[in-house]
Amino acid sequence: MRLRFAPSPTGALHIGGARTALFNWLLARQSGGSLLLRIEDTDIERSSAENVEQILDALSWLEIQFDEGPVMQSSRRGRHVEVLRRLLSEGRAYHCTATAAEVAAYKREHGQERGFRGVESAEGAVRLRVSDSGKTVVNDLIRGPTRFAHVHLDDPVIARADGSVLYNFAVAVDDLDAAITHVVRGEDHLPNTPKQLLVLEALGAEPPIYAHLPLLHGPDGRKLSKRHGAASVQDLRDAGYLPEAVRNYLALLGWGSGSEETILSTEQLITRFDITRVSRNPARFDPVKMRWMNGVYIRSAAVDALAEAILKHLDSIDGEAAAAVRADPRRFAKAVAISQEKLHTLADFWPLAGFLFLRRPTDPKASRRWLDADGRLRLAETRHRLEDIGQFDEQAVRHALEGLVLELGCRPGEVYQPLRVAIAGVTVSPGIFESVALLGREETLKRVDAALEASLSAST
RNA sequence: GCCGCCAUCGUCUAGGGGACUAGGACGCCGCCCUCUCACGGCGGUAACACGGGUUCGAAUCCCGUUGGCGGUACCA
């Protein structure tokens, strides 16, 4: 199979485009074929180099490699003009001076019930000649045969009056020249397909096989947009998602493996993916499920790989945090180990475990709840026990604190929560024994003293 | 308006005439585990849009209605 992913650089690569790229890639890998990346920039006005960079960057982050390209559609202008001349000379296409306004007026009257046919002239835009009779059938791998009666089709404009070619023409020529065998793209292209088929037919060429993917919607059921937060691939990366988890989640949007498994490695996706099993109805992107799945991948990751990913993430979003973590790699590795099972995204690490590297202000609400007079009493006693520990490790800390709980005859949380608030500033953290041991005796005692003092003065 | 696509739990889906009192996953609820938060375990909630056919039998096939979506550019 020879496939292609052909985004237009008119905006960031969104998850819909990412899924299209993924499906193409899975097919290419599975079949031992190749994947071509083509940038559809025939609309110079709306295309930008930054967007091309963004798309390349997004695909690279997703670890979706292409075998050929990127080729810029605009670079193929010479070939496009050549084919255009041929169609013109063979009478399959013609110049027409009908203005956009005239066509619009015609459409207002006839809608798409009767396609627009232009009058041939010496100059103007180039239109492909379509006869009123007959129909063009798109044999879609996902939808089956879809028929378009020619009466409803306009004579499509394939080149502007200035000679520049238009999308439906360029795509057909490029797919043909690249010997593309399978075109897998979004369903929004379905109405374009007969036009491309007609171009191919005029050229006497064998068309590729098509598969139109159902569209992706946002959580509200409407078209995906920035408003949904993680709509672009970069947003996903910045939100702390793992590429493999994103691939897994995206693959299951619109495609069911048939088995009851949900967590599928990329290798499994490659062997099991079946384009003909892709669903025909649109799917909603569900950030909640994406988050859950990312958590599954984080939990199953090797600690050092996870630490590396977290550090990289910190580098890109929080310089201060990254520096703090770099200053103590051993502590960082342990911090990751004791936080791992609580993370859903890479971004969750710092809020949860940052206190192990930097002191943070105490949350007033947490302080009021746990550092009242009774809490301070227990915290002061806790302080003594910690001070007396010989070897300050997790086992010893556990032993000391559990002993205190037993002696006081209180609920465990009544000892642990004041201590947690004292060292972390909040009521949530990794396990208290691990956290205290990792923080070390000196820093723990300092924070406990500070907390005792602050809460005492606050209450008087 | 017109052209086209689509229609199973809130969401992603399994299902392709009898195995369906419709399965799984996320979410949600309850219980358990428990030092917080998570994780994990157990249990529960919840769907075949509607109406006609076809058939001994329909979530599965056909038609219509309704609804959603896409397209309707000298955009891609």
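In this text the structure is predicted, and so the values were computed from the model without any measurement.

Going through the model one piece at a time under the given rule, you end up with eight aromatic pairs. Between Tyr-249 and Phe-285, the aromatic rings sit 5.6 Å apart at their centres with planes inclined by 80 degrees, giving edge-to-face as the arrangement. On the criterion of sequence distance, the pair formed by Tyr-249 in helix α8 (residues 243-251) and Phe-285 in the loop between β12 (283-284) and α10 (287-300) is long-range, its members being 36 residues apart. Across this residue pair, the class does not change: Tyr-249 and Phe-285 are buried.

Attention shifts here to the sheet that holds strand β4 (residues 93-96). The antiparallel open sheet is built from three strands, whose spatial order is β4-β5-β8. With one partner strand each, in any of the chains shown, β4 and β8 (157-159) form the two edges of the open sheet. This sheet shows a mean twist of 45 degrees between the axes of neighbouring strands, independent of strand direction. Where strand β5 (residues 125-128) lies against β8, two bridges are found, and the strand directions are antiparallel. Directly across from Val-126, in β8, lies its bridge partner Ala-159.

Turning next to the protein's contact with RNA strand B. Surrounding RNA strand B, one finds 62 residues, the nearest of these being Ser-8, Asp-43, Arg-46, Lys-342 and Arg-420. Here Ala-98 contributes a backbone N or O atom positioned 3.3 Å from a base nitrogen of RNA strand B. Mapped by element, the contributors of at least two residues to the surface near RNA strand B are β5, β7 (144-149), β12, α10, α18 (412-424) and α19 (432-439).

Glancing now at the packing of helix α11 (residues 303-317) against helix α13 (residues 329-339). Viewed as axis vectors pointing N to C, α11 and α13 meet at an angle of 105 degrees, and their least axial separation amounts to 9 Å. The angle between the axes of α11 and α13 places the two elements in the roughly perpendicular class. On α13, the residues touching Val-303, Leu-306, Ala-307, Ile-310 and Leu-311 of α11 are Phe-332, Ala-333, Val-336 and Ala-337.

Before going further, it helps to examine helix α16 (residues 373-388). Since there are 3.6 residues in each turn of an α-helix, residues three or four apart along the chain are aligned in direction. For α16, spanning 16 residues, the distance from its first C-alpha to its last is 23 Å, which sits close to the expected 22 Å at 1.5 Å a residue. Buried within α16 are the following residues: Gly-375, Arg-376, Arg-378, Leu-379, Thr-382, Arg-383 and Leu-386. The buried residues of α16 all sit within an arc of 165 degrees when viewed along its axis, so they share a single face. Exposed side of α16, more than 90 degrees from the buried face: Leu-377 and Asp-388 are the residues found there.

Our next topic: unusual backbone geometry. Its identity as a non-glycine residue notwithstanding, Glu-63 has a phi of 65 degrees, on the positive side. Along the polypeptide, Glu-63 turns up in the loop between α2 (49-61) and β3 (68-72). Of note, the phi angle at Ala-179 is positive, near 55 degrees, even though the residue is not glycine. Topologically, Ala-179 is positioned in the loop between α5 (167-177) and β9 (182-186).

Turning next to the domain arrangement of chain A. When its domains are assigned, chain A resolves into domain 1 (2-216), domain 2 (226-299), domain 3 (302-345) and domain 4 (364-459). Each of domain 1 and domain 4 has a C-alpha centre, and the two are 66 Å apart.

Within this structure, the stated rule accounts for 33 salt bridges. Glu-407 is the salt-bridge partner of Arg-385, the closest N and O atoms lying 2.7 Å from each other. In this pair, Arg-385 is assigned in helix α16 and Glu-407 in helix α17 (residues 394-408), connecting sequence segments 22 residues apart. Residue Arg-385 is classed as partly exposed on the basis of its relative accessible area of 22%. Salt-bridge contacts for Glu-443 lead to Arg-447; the nearest nitrogen and oxygen are separated by 2.7 Å. Within this pair, Glu-443 and its partner Arg-447 are both found in helix α20 (residues 441-459), separated by four residues, close to a single helical turn. Grouping residues by exposure puts Glu-443 and Arg-447 together as buried. Each member of the salt-bridge network shares a partner with another, and the members are Arg-4, Arg-38, Glu-40, Arg-76, Arg-79, Glu-82, Asp-174, Asp-175 and Asp-177.

Our next topic: the side chain of Thr-266. As for its placement among the helices and strands, Thr-266 is situated in helix α9 (residues 266-272). Classification of Thr-266 as buried rests on a relative accessible area of 9%. Within the local environment of Thr-266, its side chain forms a polar contact with the side chain of Arg-247, the two groups lying 2.5 Å apart. If sequence neighbours within four positions are ignored, Thr-266 has contacts with Trp-25, Glu-244 and Arg-247.

With that out of the way, let us pick up the environment of Glu-341. Within the secondary structure layout, Glu-341 lies in the loop between α13 and α14 (349-353). Sequence separation of Glu-341 and Ser-300 is 41 residues, and the distance between their C-alpha atoms is 9.0 Å.

A separate point is the pairing of strand β6 (residues 135-140). Burial of β6 is one-sided: the residues Thr-136, Val-138 and Asp-140 facing one way are buried, the residues Lys-135, Val-137 and Asn-139 facing the other way are not. Direction of pairing for β6 relative to β7: antiparallel, over a ladder of six bridges. For Asp-140, the partnering residue across the bridge sits in β7 and is Gly-144.

Parameters at a glance
- Residues numbered from 1 in each chain as written.
- Chains lettered and ligands numbered in written order.
- Predicted model: local features only at pLDDT ≥ 70, side-chain atom pairs only at ≥ 80, totals over all residues.
- Heavy atoms only, no water.
- Phe/Tyr/Trp six-rings, centres within 6.5 Å; stacked < 30°, edge-to-face > 60°.
- Helix = DSSP H or I, 4+ residues; strand = E, 2+ residues; numbered from the N terminus.
- Buried < 20%, exposed > 50% of the residue type's maximum accessible area, 1.4 Å probe, protein only.
- Pairing = 2+ DSSP bridges.
- Axes fitted to C-alpha atoms, helices over the stretch in contact; angles between N-to-C directions.
- Near = heavy atom within 4 Å.
- Polar contact = N/O pair within 3.5 Å; in protein donor to acceptor, adjacent residues only side chain to side chain.
- Parallel < 35°, antiparallel > 145°, perpendicular 65-115°, else oblique.
- Contact = heavy atoms within 4.5 Å.
- Expected span 1.5 Å × (residues − 1).
- Arc of directions from axis to C-beta.
- Domains from an automatic or database assignment.
- Salt bridge = Lys/Arg side-chain N within 4 Å of Asp/Glu carboxyl O.

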